[in-house]
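# Summary of structural features
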Amino acid sequence: QVQLVESGGGLVQAGGSLRLSCVASGRTFSTYAMGWFRQAPGKEREFVATISRSGGSTYYADSVKGRFTISRDNAKNTVYLQMNSLKPEDTAVYYCAAAYGMKWTPDEYAYWGQGTQVTASS
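Residues numbered from 1 in each chain as written. Predicted model: local features only at pLDDT ≥ 70, side-chain atom pairs only at ≥ 80, totals over all residues. Heavy atoms only, no water.

Turning to the state of the cysteines, a few remarks are in order. For the structure on display, the rule yields one disulfide. Two residues, C22 and C96, share a disulfide whose sulfurs are 1.9 Å apart. With the S-S bond torsion at 45°, the cross-link from C22 to C96 turns out right-handed. Pair noted here: C22 is in strand β3 (residues 18–24) and C96 is in strand β9 (residues 92–99), with a separation of 74 residues, a long-range link. (Disulfide = S-S within 2.5 Å. Helix = DSSP H or I, 4+ residues; strand = E, 2+ residues; numbered from the N terminus.)

Set out below in structure tokens:
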């Protein structure tokens, strides 16, 4: 089992940047692919990005491609989401999650963090 804790959310102006971090407990972090999802009020949780166990492969939602970068540091049990050129439509609670392999839908992820709020104001 793994526990995930996100941090780094906040309020920024449109066009600004934030970096989210997600720290995992336990010594099995490198055995999981990791993902970031987001959920805006009244909307379903949606996929943002995923990264393989080694960090060698990544995949992004079209809505964030070219603006967001997912990365991981297995020595620090941490996955990151660098978010640049933020738009008001990026406003949501952002969650990190762990899965057995790179996945794209929430129900394929076994473990979730509590979420961190990101607000991009216009």
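Centre-to-centre distance and the angle between the planes together describe a pair of aromatic rings. Applying the stated criterion across every chain, the model contains nine aromatic pairs. Between the aromatic rings of F37 and W112, the centroid separation amounts to 5.1 Å while the plane-to-plane angle is 55°, which identifies the pairing as tilted. One end of the pair, F37, is in strand β4 (residues 33–39); the other, W112, is in strand β10 (residues 111–112), and 75 residues separate them in sequence. With centroids separated by 6.3 Å and ring planes inclined at 80°, the aromatic side chains of Y95 and W112 adopt a geometry described as edge-to-face. Linking Y95 in strand β9 with W112 in strand β10, this pair joins segments that are 17 residues apart in sequence. A relative accessible area of 26% means that W112 is categorised as partly exposed. Chaining the aromatic ring pairs together yields one cluster made of F37, F47, Y59, Y95, W104, Y109 and W112. R45 extends its terminal NZ or CZ atom over the ring of Y95, reaching a point 3.8 Å from the ring centre. A cation over a ring is seen here: R72 above F29, with NZ or CZ 4.4 Å from the ring centre. (Phe/Tyr/Trp six-rings, centres within 6.5 Å; stacked < 30°, edge-to-face > 60°. Buried < 20%, exposed > 50% of the residue type's maximum accessible area, 1.4 Å probe, protein only. Lys NZ or Arg CZ within 6 Å of the ring centre and 35° of its normal.)

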